[in-house]
Amino acid sequence: MDIDALKSAHPEHWVKATAIRTLALDAVAAANSGHSGMPMGMADVATVLFEKHFKFEAANPTWPDRDRFILSAGHGSMLLYALLYLTGDPEITLDEVKNFRQLGAKTAGHPENFLAAGIETTTGPLGQGIANSVGFAMAEEMLRARFGAKVVDHHTYVIAGDGCLMEGVSHEAISLAGRQELSKLIVFWDNNNITIDGTVDLSDRTNQPQRFAAAGWHVQEIDGHDPEAIDAAIVAAKKSNQPSMIACKTHIALGHAAQDTSKGHGALTDAEQLTAAKAAYGAPSEAFEVAPDVKAAWEAIGARGAEARAAWESRLASLSGAKQREFARTIAGEAPKKFASTIRALKKQVSEDAPKVATRKSSEMVLGAINPVLPETIGGSADLTGSNNTKTADLGVFDETNRAGRYVYFGIREHGMASAMNGMALHGGIRPYGGTFMCFTDYARPAMRLSALMKQPVVYVMTHDSIGLGEDGPTHQPVEHLAISRATPNTLVFRPADTVETAEAWEIALTQSGTPSVLSLTRQGLPTLRTEHKIKNLTEQGAYVLAEAEGKRQVILMATGSEVALAMQAREMLQADGIGTRVVSMPCWELFAAQPESYRRKVLPAGPVRVAIEAGVQFGWDQWLSGERGRREKSAFVGMSSFGASAPAGTLFEHFGITAEATADKARKLVMGDWQAAQA
């Protein structure tokens, strides 16, 4: 690559792009860790984008109608940090750049959205950024349909690398975006032909432009170092009625001795080579030095959006007062005043009617009541709408003909669905929920983990939550999945016992601001256990006494979901034997663990024997069986210790010993002091 030709052809552009390259080199060298090559290779694209097209104001990084920039190739994080510092972002200072990858710095190894407002999403796991971007673009379309183009009209721009496009989630995202004709989504592919192991053809021969075109994208191929070609491609992309992919042929680690090699992907820390690269660029030699005129030019780019932001504020002010207030409420993520009363009314009705329904149906009943009250909810399913019960009559279907629709047919794309919902939540103004079978959380797991890490209140509606789904067998019967979800930090896992608990779980999930929720729901019908209406949300306590012991309390039965009804039946048997038995429903362990110790002691006091019942593995239950004043020799578990089988649900519960009789039998043996027999 002829560096001198690039410098002489576009000198003003060159010095601005060079500032990105040298900051990346210096930060990675100082940290002795990181990825220098991608920021160096994509600096030209980023410079043209931010200078000529990107709608933003560095001083107001959360302005709702700003364009969104997503660095899907998150390992190249110094590209983003350099842009934020250069344009004058108040949080990403030069000191932050100097502290790249250090403890407590906002400039983490990979971008983390919760560290600085200018970071739109957390990337690093390749493919997640481009998959998030589909949700960002969908959110923009949905909110524009709801509030009008006067206040919602922006683009989502993405830089993705070869790794992003090799990851399977990219296929789900690309095909979904093409189907939905998300014309405000523009992806730059950093086509540098390099991975860690070597050149791309070691592992992949995909023709990426043809792949995108086949999925319904507008595709262009350009020289990623030619600012005029980059500008023209962005102009053309913005005119297209399809999502756009711009294939940018670039040189990784441009101008460095490691250019066009796999070494260029990683940390370029050799001092002599760094000095030589700066000399070739014509850049200042001192570490982290940016010429004052270059910094001023970048800051002018960062300030340019003030005019657009002020014009937007004027347009927002021209809306009616009610619409302004609704827009502010929606963007802030606050529930409307009617929400709580709607939940209370539903609970009261259910307690009186006492229906026997599957909790997936309970969930549909709740959504039917609250979706009309919360216009920001967006529902969907990974091709299991009729099974997940996620679609209510009022939603309408979101597609290219109806941007006001609030239900998304995600297709068989669990991972893409979950990643897109993260994007919707990150964008703001949307409360996304999506469904699949509980067992297929495996397919969505990387994005579910990122929901928790990014503190996004996405709701995962996971139905068919145990062997209770029956004949589909062990491939579809989750046994370990509750434990996996519960093991994930900053995640609320709800397994409601009836419609009342389901309504309470939804109330909590939809008022979270920084925590995702997993709703574990049954296929089989369950009786209403909460027949006495209480205004208070008992599920908010995580666990509570559903039925108190009559006489001396000798046994505490703990259960979740479908097994709470079994616990109530076992209680009747034990009480008939004169054994006082308390039943504790535990719909959300995380919320119970967060309660004051005094409350937990009231629910789980020392003394009585304890039996837990759940149609999943025991992993995690020892926290409540032998912890919290319990004792191992006075506890037992009724549940699964293997995978399931194919048979009707009732047969399976009998076969695996998850019955009221088995529960009562274990409790009796523990009361008699025969711990060994109770474990059989």
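Look up: the structure comes first, before these words.
Residues numbered from 1 in each chain as written. Predicted model: local features only at pLDDT ≥ 70, side-chain atom pairs only at ≥ 80, totals over all residues. Heavy atoms only, no water.

J.: I'm lost on the overall build of the protein in this one. Help?
T.: What the protein contains, in helices and strands, is 28 helices and 16 strands. Over its C-alpha trace the protein gives a radius of gyration of 28 Å, about what one expects of a compact globule, namely 26 Å for 680 residues. For the protein, the C-alpha atoms occupy an extent of roughly 95 × 55 × 45 Å along the three principal directions. Counting every position in the protein, which comprises 680 residues, the buried fraction comes to 61%. Excluding contacts between residues fewer than 6 apart, the proportion of contacts in the protein whose partners are at least 24 apart in sequence is 78%. Only carbon and sulfur atoms are counted for the fraction: they give 51% of the accessible area of the protein, which is about 24400 Å². (Helix = DSSP H or I, 4+ residues; strand = E, 2+ residues; numbered from the N terminus. Rg over C-alpha atoms; globule rule 2.2 N^0.38 Å. Buried < 20%, exposed > 50% of the residue type's maximum accessible area, 1.4 Å probe, protein only. Contact = heavy atoms within 4.5 Å. Areas by Shrake-Rupley, 256 points an atom, 1.4 Å probe, with all protein chains shown as cover.)

J.: I'm lost on the side chain of Thr-330 in this one. Help?
T.: By the element assignment, Thr-330 lies in helix α14 (residues 321–332). The class for Thr-330 is buried, based on a relative accessible area of 2%. Engagement of the side chain of Thr-330 in a polar contact is seen with the side chain of Arg-146, the distance being 3.3 Å. (Polar contact = N/O pair within 3.5 Å; in protein donor to acceptor, adjacent residues only side chain to side chain.)

J.: Honestly, the packing of aromatic side chains in this entry has me stumped. Any pointers?
T.: The geometry of two aromatic rings is summed up by the distance between their centres and the angle between their planes. Following the criterion strictly, the structure yields 22 aromatic pairs and no others. Here Tyr-81 and Phe-100 contribute two aromatic rings whose centre-to-centre distance is 6.1 Å and whose plane-to-plane angle is 70°, an arrangement assigned as edge-to-face. One end of the pair, Tyr-81, is in helix α4 (residues 77–87); the other, Phe-100, is in the loop between α5 (94–98) and α6 (128–147), with 19 residues separating them in the sequence. With respect to burial, Tyr-81 and Phe-100 carry one shared label: buried. Pairing Phe-437 with Phe-440 gives two aromatic rings, centres 5.9 Å apart and planes at 25°, and the pair type is stacked. Pair check on accessibility: Phe-437 and Phe-440 agree, each one buried. Each residue in the set Phe-50, Phe-54, Phe-56, Phe-69, Tyr-157 and Phe-188 is aromatic and connected to the rest through ring pairs, giving one cluster. Here the basic side chain of Lys-295 rests over the ring of Tyr-85, its NZ or CZ set 4.6 Å away from the ring centre. (Phe/Tyr/Trp six-rings, centres within 6.5 Å; stacked < 30°, edge-to-face > 60°. Lys NZ or Arg CZ within 6 Å of the ring centre and 35° of its normal.)

J.: Honestly, empty space enclosed by the protein in this entry has me stumped. Any pointers?
T.: Summary: where empty space remains is shown by rolling a probe the size of a single water molecule over the atoms. Counted by the stated rule, this structure contains five cavities of 30 Å³ or more. In this structure, the largest cavity occupies an estimated 150 Å³ of space. Taken together, 15 residues line the largest cavity, and the ones lying closest to its centre are Phe-54, Phe-56, Leu-84, Gly-118 and Glu-120. Grouping the constituent residues of the lining of the largest cavity by class yields eight nonpolar, two polar and five charged. Around the second largest cavity, the lining residues are Arg-445, Met-448, Arg-449, Tyr-460, Ser-485, Thr-488, Thr-491, Pro-516 and Val-518. With three residues, the top contributor of residues to the lining of the second largest cavity is helix α19 (residues 441–454). (1 Å grid on protein atoms, 1.4 Å probe; cavity = no way out; pocket = protein on both sides within 12 Å on 5 of 7 lines; lining within 4 Å. Points joined across faces, edges and corners; volume = space filled by probe spheres on them. Nonpolar A, V, L, I, M, F, W, Y, C, P; charged D, E, K, R; others polar.)

J.: Explain the packing of helix α3 (residues 37–53) against α4 to me, please; I cannot follow it from the model alone.
T.: When two helices pack together, you describe them by how their axes are tilted relative to each other and by the distance separating the axes. Between α3 and α4, the shortest axis-to-axis distance is 10 Å and the interhelical angle comes to 40°. On the basis of the axis angle, α3 is oblique to α4. As for how α3 packs across α4, the hand of that crossing is right-handed. Residues Met-38, Pro-39, Met-42, Ala-43, Ala-46 and Phe-50 of α3 pack against Met-78, Leu-79, Leu-83 and Thr-87 of α4. (Axes fitted to C-alpha atoms, helices over the stretch in contact; angles between N-to-C directions. Parallel < 35°, antiparallel > 145°, perpendicular 65-115°, else oblique. Left-handed = near helix turned anticlockwise from the far one by under 90°.)

J.: Whenever I open this one, the side chain of Glu-590 confuses me. Can you help?
T.: Residue placement: Glu-590 occurs in helix α23 (residues 589–593). One buried charged residue, Glu-590, forms no salt bridge at all, with the nearest opposite charge on Arg-486 at 5.0 Å. Excluding its chain neighbours within four sequence positions, the residues that come into contact with Glu-590 are Arg-486, Thr-491, Leu-492 and Val-493. (Lys, Arg positive; Asp, Glu negative; His and termini not counted. Salt bridge = Lys/Arg side-chain N within 4 Å of Asp/Glu carboxyl O.)

J.: Hey, could you run me through the pattern of salt bridges in this one?
T.: When charged atoms on two side chains of opposite charge get close, those side chains can pair. According to the stated counting rule, one finds 37 salt bridges in the structure shown. Lys-669 is paired through a salt bridge with Asp-665; the nearest N and O atoms lie 3.0 Å apart. A residue pair is termed a helical-turn pair when its members lie 3 or 4 positions apart in one helix, as Lys-669 and Asp-665 do in helix α27 (residues 660–671) at four residues. Here the salt bridges share partners, and the residues they tie into one network are Glu-597, Arg-600, Arg-601, Glu-628 and Arg-629.

J.: Honestly, the layout of surface pockets in this entry has me stumped. Any pointers?
T.: Size it by volume and the largest pocket reaches roughly 660 Å³. Around the largest pocket, the lining comprises 31 residues; the ones closest to its centre are Ile-331, Ala-425, Leu-426, His-427 and Gly-428. Taken together, the elements giving at least two residues each to the lining of the largest pocket come down to α14 and α18 (414–427). Ranked by residues supplied to the lining of the largest pocket, first place goes to α14 with four residues. Broken down by class, the residue content of the lining of the largest pocket amounts to 14 nonpolar, eleven polar and six charged. By volume, the second largest pocket amounts to about 360 Å³. As for the second largest pocket, its lining consists of 18 residues, and the residues nearest its centre are Leu-526, Ser-562, Leu-566, Gln-569 and Phe-653.

J.: Looking at this structure, how should I read the sheet that holds strand β12 (residues 544–547)?
T.: Note: strands within a sheet are paired through backbone hydrogen bonds, in either parallel or antiparallel orientation. Read across the open sheet, the five strands follow the order β12-β14-β13-β15-β16; overall the sheet is mixed. In the strand order of this sheet, the two ends are held by β12 and β16 (635–640), each with one partner. Looking at each pair of strands side by side, their axes are set apart by 25° on average, direction ignored. The pairing of β12 with strand β14 (residues 580–585) spans three bridges and is antiparallel. (Pairing = 2+ DSSP bridges.)

J.: For this particular structure, what's the right way to read the environment of Tyr-157?
T.: Relative to the elements of secondary structure, Tyr-157 occurs in strand β2 (residues 156–160). In this structure Tyr-157 comes out as buried when scored by relative accessible area, which is 0%. It is 28 Å that separates the C-alpha atoms of Tyr-157 and Gln-102, two residues lying 55 residues apart in sequence. For Tyr-157, the contacting residues outside a window of four places in its chain are Leu-49, His-53, Phe-54, Asp-67, Arg-68, Phe-69, Ile-70, Ile-186, Phe-188, Ile-234 and Lys-238.

J.: What's the story with the packing of α3 against helix α10 (residues 227–239) in this structure? I'm lost.
T.: The geometry of α3 relative to α10 is characterised by a closest axis approach of 9 Å and an angle of 55° between their N-to-C directions. Regarding the angle of α3 to α10, the classification is oblique. Relative to α10, α3 is oriented so that their crossing is right-handed. Where α3 approaches α10, its residues Asp-44, Val-45, Val-48, Leu-49, Lys-52 and His-53 are matched on the opposing element by Pro-227, Ile-230, Asp-231, Ile-234, Val-235 and Lys-238. A per-class count over the contact of α3 with α10 returns seven nonpolar, one polar and four charged.

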